[in-house]
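Each chain, letter by letter, is given below.
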Amino acid sequence: MAWALKLPLSDEVIESGLVQDFDASLSGIGQELGAGAYSMSDVLALPIFKQEESNLPSDTDNKVLPFQYVLCAATSPAVKLHDETLTYLNQGQSYEIIMLDNRKIGELPEISGKMVKSIIRVVFHDRRLQYTEHQQLEGWRWNRPGDRILDLDIPMSVGMIDPRANPTQLNTVEFLWEPSKRTSVFIQVHCISTEFTMRKHGGEKGVPFRIQIDTFKENESSEYTEHLHSASCQVKVFKPKGADRKQKTDREKMEKRAPQEKEKYQPSYETTILTECSPWPEVTYTNNSPSPGFNSTQNSFPVIEGNGSPNHQPEPVVQVADNLLPAATPQDAQQWLLRNRFSPFSRLFTNFSGADLLKLTREDVIQICGPADGIRLFNALKGRVVRPRLTIYVCQESQQARDQQIKHENGDAANITFFIYHAIYLEELTATELTEKIAQLFNISPRQINQIFKQGPTGIHVLVSDEMIQNFQDEVCFVLDTMKDDSNDGYHIILK
């Protein structure tokens, strides 16, 4: 057998042959797949790639947040993977929010041992409702006069200091707390999700809310304006026991699904962790303007007492009628409402001036505040004073008055003196009340008045008792004469 020796081929020929062989080997792939060729999105959707993707660390996982807020309410099992959790709440029920300090050692040393301020608010989740939030809340305010959307359960909370609720912000509460100490606050949401739906025909789907917490630290001016952290979660609020029924319904629906379908949904967790978000837009978070505190026992406005203390000898107290003037600004109107014990309704009339309030009819006020408080507010606005049970007129007799009286009896009509009387209004109709009113009128202590007598027939002195005062005629006139008590420094008053 003869062997033929072939000369070496050039590099160009070898490369050309390899390319042809490789093309031939791939020529049938496209024909086999045809119209069902895989796309890259289909490939990445395979479970193996999903698992690897979920295991990859994200920037959020690597970032350690300074605080963490945990709402002690179970999440819904009917939420798909990669969607935000949804939590069902019962209207008016107290739910715990645990405030956790997640700072590393040496992180944010400026707040160590100091207070921070957290603001909790219930806001709308939908953008459409966020744009009309003011109108939505005002409508809720008129439908639910005197109620709040969000409240704090003070007795159940732990570590919370100086809780406050601004009367003009029904959906917001705030408080101070120290991160290094255990802090747990309980909140109550009083609105339900179906109150803000467009159509109310029954069976409508309620709108979701967001519970957001913004935390701030003090600046150089001791104002809590420097933002530290914000987090929120999505919730729906149902009528009492409604959240429990909805949670049970979702759980039963998930149990009926196929195993492959269940993998597309999140499991239900016992608690809800609020996720980091942007701070809620607000002009400032200052504590310069006082807001009503839950546990405040001080009154910002003076209270005029009707009767003075027996041990006090002040100037006579003149009770000026606290009437609301048409020129009063909205701020003045708010103070007038607080002074006259209408604080539960002050938030309803936040933007009302004095003229606006005075224009309200009796029916308007009763519809807004209810029958009892509505009638009381209407009477206060109109300056109606309750008529006293008994009115008497008194004049203090002096030596000059006695001389003038003698001259008048002798026929000297040119020296007639006009006596000035003072009105005394009695409600209790007791001798003690009369003593205090006389002492107050003439700027003396009630202890200086030992007894009060009424001059009877033939000039006798009859001791004034409660029963005698109750039998006084209304608008009767008396001249007061004083008689020194020899046993002490007191006086006897004689009604003539």
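Bear in mind the structure is a predicted one, so any value in this text is a computation, not a measurement.

K.L.:
Please clarify how the sheet that holds strand β5 (residues 150–152) should be interpreted in this entry.
P.N.:
Sheets are built from strands paired through backbone hydrogen bonds, the pairs being either parallel or antiparallel. The five strands lie next to each other as β5-β8-β3-β1-β11, forming an open sheet whose pairing is antiparallel. Two strands bound the open sheet, and with one partner strand each, they are β5 and β11 (272–273). Inspection of the sheet shows strand β1 (residues 67–71) paired to strand β3 (residues 94–101) by five bridges, in the antiparallel sense. Across the sheet, Phe 67 pairs through a bridge with Asp 101, a residue of β3.

K.L.:
Looking at this model, I keep getting lost on the nonpolar core. Mind explaining?
P.N.:
Grouped burial of nonpolar side chains is what soluble globular proteins tend to show. Counting 41 residues, the largest nonpolar core has Leu 71, Leu 89, Ile 97, Ile 120, Phe 209 and Ile 211 as the members making the most contacts within it. Counting residues per element, this core draws most heavily on strand β10 (residues 224–238), at five residues.

K.L.:
How do you make sense of the side chain of Arg 141 when you look at a structure like this?
P.N.:
Mapped onto the secondary structure, Arg 141 falls in helix α7 (residues 133–143). Separated by 2.9 Å, the side chains of Arg 141 and Glu 138 make a polar contact. In contact with Arg 141, other than residues within four places in its own chain, are Pro 167, Thr 168, Leu 170, Arg 347, Leu 348 and Thr 350.

K.L.:
Could you clarify how one ought to interpret the pattern of salt bridges in this entry?
P.N.:
Side chains that differ in sign of charge can pair as their charged atoms come close. Per the counting criterion, the structure on display carries 17 salt bridges. A salt bridge links Arg 148 to Asp 151, with the shortest nitrogen-to-oxygen separation between them at 3.3 Å. Per residue, the accessibility class of Arg 148 equals that of Asp 151, and both read buried. Each of Glu 110, Lys 217 and Glu 226 takes part in a single network of salt bridges with overlapping partners.

K.L.:
What is the right way to look at the packing of helix α12 (residues 362–369) against helix α13 (residues 371–381) in this model?
P.N.:
The relative placement of two packed helices comes down to the angle between their axes together with the axis-to-axis distance. It is the contact of α12 with α13, at a shortest axis distance of 7 Å, that shows an interaxial angle of 140°. The angle between α12 and α13 falls in the class oblique. In the crossing of α12 with α13, the sense of the turn from one axis to the other is right-handed. Residues Arg 362, Val 365, Ile 366 and Cys 369 of α12 lie in contact with α13, whose contacting residues are Pro 371, Asp 373, Gly 374, Ile 375, Leu 377, Phe 378 and Leu 381. Taken together, the residues of the contact of α12 with α13 break down into eight nonpolar, one polar and two charged.

K.L.:
For this particular structure, what's the right way to read the packing of aromatic side chains?
P.N.:
The description of an aromatic ring pair rests on the distance of the ring centres and on the angle between the ring planes. Using the criterion set out here, one finds nine aromatic pairs in the structure. Both rings, one in Phe 124 and one in Phe 196, keep their centres 5.0 Å apart while their planes meet at 80°; by these two values the pair is edge-to-face. Residue Phe 124 is located in strand β4 (residues 116–124), and its partner Phe 196 is located in the loop between β8 (183–189) and β9 (209–218); the two are separated by 72 residues in the primary sequence. Taken as a pair, Phe 124 and Phe 196 share a single burial class, namely buried. Members of the aromatic cluster, connected to one another through ring pairs, are Phe 124, Phe 196 and Phe 209.

K.L.:
It is not clear to me how unusual backbone geometry should be interpreted in this structure. Could you clarify?
P.N.:
Among all residues save glycine, negative phi is the norm, and among peptide bonds the norm is trans. The residue Leu 108 is not glycine, and still its phi comes out positive at about 50°. Among the secondary structure elements, Leu 108 is positioned in the loop between β3 and β4. Within the chain, Arg 341 stands out as a residue other than glycine whose phi angle is a positive 65°. In this structure, Arg 341 sits in the loop between α10 (330–339) and α11 (354–358).

K.L.:
Looking at this model, I keep getting lost on helix α15 (residues 431–441). Mind explaining?
P.N.:
Owing to its 3.6 residues per turn, the α-helix aligns residues three or four sequence positions apart on the same side. Listing the buried residues of α15 in full gives Glu 433, Leu 434, Thr 435, Glu 436, Lys 437, Ile 438 and Ala 439. Close packing links the buried residues of α15 with β13 (390–396), β14 (422–426), β15 (449–455), α16 (466–470) and β17 (476–484). Note on α15: the residue one or two positions beyond its end, Asn 443, has a positive phi of about 60°.

K.L.:
It is not clear to me how the environment of Trp 336 should be interpreted in this structure. Could you clarify?
P.N.:
Looking at the element boundaries, Trp 336 is found in helix α10. For the pair Trp 336 and Leu 381, spaced 45 residues apart in the sequence, the C-alpha separation amounts to 9.9 Å.

K.L.:
Looking at this structure, I do not really get the pairing of strand β7 (residues 172–177). What am I missing?
P.N.:
Along a regular strand, successive side chains alternate from one face of the sheet to the other. β7 sits mainly inside the fold: five of its six residues count as buried. As paired strands, β4 and β7 are joined by six bridges and run antiparallel to one another. From the neighbouring strand, Ile 119 faces β7, where its bridge partner is Glu 174. Where strand β6 (residues 161–164) meets β7, two bridges bridge the pair, whose relative direction is antiparallel. Bridge pairing links Arg 164 to Glu 174 in β7.

What counts and what doesn't
- Residues numbered from 1 in each chain as written.
- Predicted model: local features only at pLDDT ≥ 70, side-chain atom pairs only at ≥ 80, totals over all residues.
- Heavy atoms only, no water.
- Pairing = 2+ DSSP bridges.
- Helix = DSSP H or I, 4+ residues; strand = E, 2+ residues; numbered from the N terminus.
- Core = buried A, V, L, I, M, F, W, Y, C linked by side-chain atoms within 4.5 Å.
- Buried < 20%, exposed > 50% of the residue type's maximum accessible area, 1.4 Å probe, protein only.
- Polar contact = N/O pair within 3.5 Å; in protein donor to acceptor, adjacent residues only side chain to side chain.
- Contact = heavy atoms within 4.5 Å.
- Salt bridge = Lys/Arg side-chain N within 4 Å of Asp/Glu carboxyl O.
- Axes fitted to C-alpha atoms, helices over the stretch in contact; angles between N-to-C directions.
- Parallel < 35°, antiparallel > 145°, perpendicular 65-115°, else oblique.
- Left-handed = near helix turned anticlockwise from the far one by under 90°.
- Nonpolar A, V, L, I, M, F, W, Y, C, P; charged D, E, K, R; others polar.
- Phe/Tyr/Trp six-rings, centres within 6.5 Å; stacked < 30°, edge-to-face > 60°.

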